[in-house]
Amino acid sequence: MDREQKIWAGLKDHYEEALEYFPENRIVGLFLQGSQNYNLDTEESDIDTKLIITPSFRELAMNEKPVSTTHVRTNNEHIDFKDIRLYIDCFRSQNLNFLEILFTDYFIVNPLYVDSWNILVSHREEIAHMNPHRSMQSMAGMCAEKNHALQHPYPAKLEILEKHGYDGKQLSHQERVRHAMIKYAAGDSYWSCVHEPFEPEYLKMMKRHGLKVEEAVALSKWSLEQSKAFKDKFCEEHPKEENEETLKLLKEVQYQIMETSVREELPYV
C-alpha cells in the first residue's frame, strides 16, 4: 500500500469508528492531522485525525459541556473529538495544530455541511492571519512545549528516552515550528508554512534520532532561545487586535453549521 492509499484507508477507518460514537448528521468532518500534512511522515508514521462534531439539541438545551476529548484507537492512533463551537475558538487562538486542517489535502466532510466548510477553506489564509500577534505567540509557545518534552519522562516515552536519551519527534517539531515562524513573519502563505518546512530531510533525520543526545539538547536549547527572541521582536511590531471581519465570518459559519444540525435532528422545526 503506497502513501496515498495508506492515508485514505486510515481516514476511512477513523470515520467508520467515529460513527460508533456519533450519529452521522452530527459529524461535520474528519481531517488528517500531523506529519503527513507537513510532508515529514516516515514509514512508521501513524494516521491521526481531528473529528469536528455538532452538539445535539439536548446538549444545547441542557447546557452540557461541549465535547473535547482524544479517542485512542486499539492500534494507538488518535482521533480528537471536538465540538464545532470549541473548534471555532481554536481558529481564533491561531494555533498551528488547529489551523492545519484548513490546509490539509486529506479530509472527509459531511455533505450536510460541505458548503459551510468550504467558506472556511476559501478564507483560510485570512483566518490564519486574523491575529498575527497571537499566532506568533502560539508558535513560540509550541516551541517551548517541545523543548520541555524533549527529555521529560512521560510514561509513553520512557522506552524512547532509555534508548536515545531524547525524543526526536519533539525536536523535529520544535524546529519545524521555529521555521514556520520565520516564513510567517516573512509574509509567506500559511499554506507554505504548513506544507513546505525548511530542510525536510534534516527534520526527518532529527525525528529518527540521528543526532547525539548532547547535540539534540544543545539544538533544542538554542532553538528555544531563537524562537523566543524572534517572537518578542515580532510582537513588539504587531498589535494584538483581531480582524473583526474574519471573526464575523467564523461566527456566521458556526451559526450555519449549528442551524443545519438542529434542522436535521428536529426536522419539524
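My aim in this report is to walk through the structure given alongside it, one point at a time. None of the values given here were measured: they were computed from a predicted structure.

A word on a nonpolar patch on the surface
The grouping of I182, F198 and F230 at the surface amounts to a nonpolar patch, some 210 Å² of accessible area in total. As for its position among the elements, F198 is in the loop between α10 (190-195) and α11 (200-207).

Considering the layout of surface pockets
Estimated volume of the largest pocket: approximately 1,500 Å³. Surrounding the largest pocket, 40 residues form its lining, D48, H78, K157, K169 and Q170 being those nearest its centre. Of all elements in the fold, only β2 (48-53), β3 (68-72), β4 (78-83), α4 (96-99), α7 (132-149), α8 (158-164) and α9 (168-185) reach the threshold of two or more residues within the lining of the largest pocket. The residue inventory of the lining of the largest pocket, partitioned by class, reads eight nonpolar, 16 polar and 16 charged.

A short note on the packing of α7 against helix α12 (residues 213-237)
For the pair α7 and α12, the least separation of the axes is 9 Å and the interaxial angle reads 165 degrees. When the interaxial angle is binned, α7 and α12 end up roughly antiparallel. Of the two possible hands of crossing, α7 and α12 adopt the one that is left-handed. Mapping the contact onto sequence places P132, H133, M136, Q137, A140, C143, A144 and N147 in α7 and S220, K221, L224, S227, F230, K231, F234 and C235 in α12. Partitioned by chemical class, the residues of the contact of α7 with α12 number nine nonpolar, five polar and two charged.

Cut-off values and rules
- Residues numbered from 1 in each chain as written.
- Predicted model: local features only at pLDDT ≥ 70, side-chain atom pairs only at ≥ 80, totals over all residues.
- Heavy atoms only, no water.
- Patch = residues over 30% accessible without salt bridge, like charges linked within 9 Å, V, L, I, M, F, W, Y side chains within 5 Å.
- Areas by Shrake-Rupley, 256 points an atom, 1.4 Å probe, with all protein chains shown as cover.
- Salt bridge = Lys/Arg side-chain N within 4 Å of Asp/Glu carboxyl O.
- Helix = DSSP H or I, 4+ residues; strand = E, 2+ residues; numbered from the N terminus.
- 1 Å grid on protein atoms, 1.4 Å probe; cavity = no way out; pocket = protein on both sides within 12 Å on 5 of 7 lines; lining within 4 Å.
- Points joined across faces, edges and corners; volume = space filled by probe spheres on them.
- Nonpolar A, V, L, I, M, F, W, Y, C, P; charged D, E, K, R; others polar.
- Axes fitted to C-alpha atoms, helices over the stretch in contact; angles between N-to-C directions.
- Parallel < 35°, antiparallel > 145°, perpendicular 65-115°, else oblique.
- Left-handed = near helix turned anticlockwise from the far one by under 90°.
- Contact = heavy atoms within 4.5 Å.

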